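Here is what each chain is made of, one letter per residue.
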Amino acid sequence: MASVDETKAHEQMVRELRAMIGRAVETNGGSTIALKPAHRLPFHWPPHPVSYSYHVLASDWKGKANFEAYGDTFEVDVAKTPHGVFGRCDELWHEDRGETVGQMLQHLRDSSEPILQRQVQINRALEKPGRYNGHLRDLPPIDLIKLLYSENRDIANEARTEIEKHASSRVFFSALVEIVNDQRHPNRRSAQWCVLDIFEDLPSFAATPDDEEEAVDAMRNLIWDAEDDYARTIYKAGVVLGGHIPYVYGGPTLLDCLKAPSRIGRRSAIHGLFHVVEWIPDMRDRVVAALLDCAAADPEPQLKDFATLMADDIATGAADHVQEPIFSDEP
């Protein structure tokens, strides 16, 4: 059980998160409609040092120069060689070359844009000006939570990784549940996807059975009222419930979600139940019967077919399942 001080810290983090969500809604003109996030593009830095390809020696780095970007000045070591002028910026872990010092500096500035943009995006998610030039591992818990909402999904993914490293601290749990319950922040879908990925190992973050039930209720509500499946978040919720916590919670929750008002939620539940039976074969007959009832009653023709075919796959012990349908009006 959490101490009084720990409980206060968790409550404070939730209050700060809610305040941040409120500011994001205000910035978005008051709209609470979820935005469709871009695909995650993994970030790799630094690039291969160009000086290595030209065998520039340590003794060649004799000059100094600098360039400016985003209001900051970056110091550059300069090497003049028969192969051109090379520049190395240790702060950005990056090099470039040109025929003159001026051209090299312009190339270095331009080719540094990916790391500079990432640093700006981190601070934007933290509601701060300028660039963040530290390591995410040094950020306090509330800042890692904020980064899950970054418009750059790779930044959000890096924050997710850092949060997972501190699962045993339990400090993040209440804020993570708050994110799953979020119905206001424009970037909530990618943040929720990250939390659902974290909740694949729910017992590491939930200190008590009551905590686990709270997280499951949040996932159930996410499925129940889903208006979209941006970032495959609703699909992911069904996977977590059915494939990672099926025994006590997942199976009954997904069976209940077959009656969800959201067709996207029902689709997620139909799929998730396949994974429930993978883990709990004794539930096969119950799940098949429920899917056939769903097929008979569902008003959505594509889901009628999906539930019927999924029931057949489960009943016959198929190694894989039918592909889920995509609705014609899904963006």
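Just above, that's the structure.
The model shown is predicted, which means the values in this text are computed figures rather than measured ones.

Participant: Provide a residue-level description of helix H6 (residues 153-165), including the pertinent values.
Facilitator: Relative to the 18 Å expected for 13 residues at 1.5 Å per residue, H6 spans 19 Å between its end C-alpha atoms, a close match to the ideal helical length. Packing partners of the buried residues in H6 comprise helix H4 (113-125), helix H5 (141-147), helix H8 (188-198) and helix H9 (202-205). Capping the start of H6 is the job of one residue whose side-chain oxygen sits 2.9 Å from the backbone nitrogen of Asp154: Asn152.

Participant: I'd like a description of helix H1 (residues 4-27), backed by residues and values.
Facilitator: If you check H1, its first and last C-alpha atoms are 35 Å apart, about what 24 residues at 1.5 Å a residue would give, namely 34 Å. Taken together, the buried positions of H1 are His10, Met13, Val14, Leu17, Met20, Ile21, Ala24 and Val25. Positive phi shows up at Gly29, right after H1, with a value of about 75 degrees.

Participant: Which residues make up the side chain of Arg266, and what values go with them?
Facilitator: Summarising the element assignment, Arg266 is placed in helix H13 (residues 263-279). Among the residues examined, Arg266 registers a relative accessible area of 8% and is labelled buried. From its side chain, Arg266 meets the backbone oxygen of Pro261 in a polar contact 3.3 Å long. Ignoring anything within four residues of it in the chain, the contact list for Arg266 reads Cys257, Leu258, Ala260, Pro261, Asp298, Pro299, Glu300 and Leu303.

Participant: I'd like to hear about the packing of aromatic side chains, residue by residue, with values.
Facilitator: Scanning the model with the defined rule gives four aromatic pairs in all. Centroid distance Phe43 to Trp45: 5.9 Å. Interplanar angle 5 degrees. Geometry classified as stacked. We classify Phe43 as partly exposed; its relative accessible area is 26%. Using a relative accessible area of 22% as the deciding quantity, one classes Trp45 as partly exposed. Arg220 extends its terminal NZ or CZ atom over the ring of Trp224, reaching a point 4.0 Å from the ring centre.

How each quantity is defined
- Each chain carries its own residue numbering, running from 1 in the written order of its sequence.
- Given that the model is predicted, a residue must reach a pLDDT of at least 70 before its local features are reported, and side-chain atom pairs must reach 80 or more before they are shown or counted; all residues, however, enter totals for whole chains, interfaces and linings.
- Note that water and hydrogens are dropped before the side-chain values are worked out from all heavy atoms of the structure.
- Every helix listed is a DSSP run of H or I at least four residues long, and every strand listed is a run of E at least two residues long, numbered separately from the N terminus.
- Expected helix span is computed as 1.5 Å times (number of residues minus one).
- Residue contacts are counted whenever heavy atoms from the two residues lie within 4.5 Å of one another.
- What qualifies as a polar contact is a pair of N or O atoms within 3.5 Å, subject to a donor-acceptor requirement within protein and to the restriction that residues adjacent in sequence count only when both atoms come from side chains.
- Classification of residues uses two cut-offs on accessible area relative to the type maximum, computed with a 1.4 Å probe and protein chains only: under 20% is buried, over 50% is exposed, and between them is partly exposed.
- Pairing of aromatic side chains requires ring centres within 6.5 Å, counting the rings of Phe and Tyr and the six-membered ring of Trp. Pairs whose planes differ by under 30 degrees are stacked, by over 60 edge-to-face, and all others tilted.
- Ring-over charges, as used throughout, are those where CZ of Arg or NZ of Lys falls within 6 Å of the ring centre and within 35 degrees of the ring normal.

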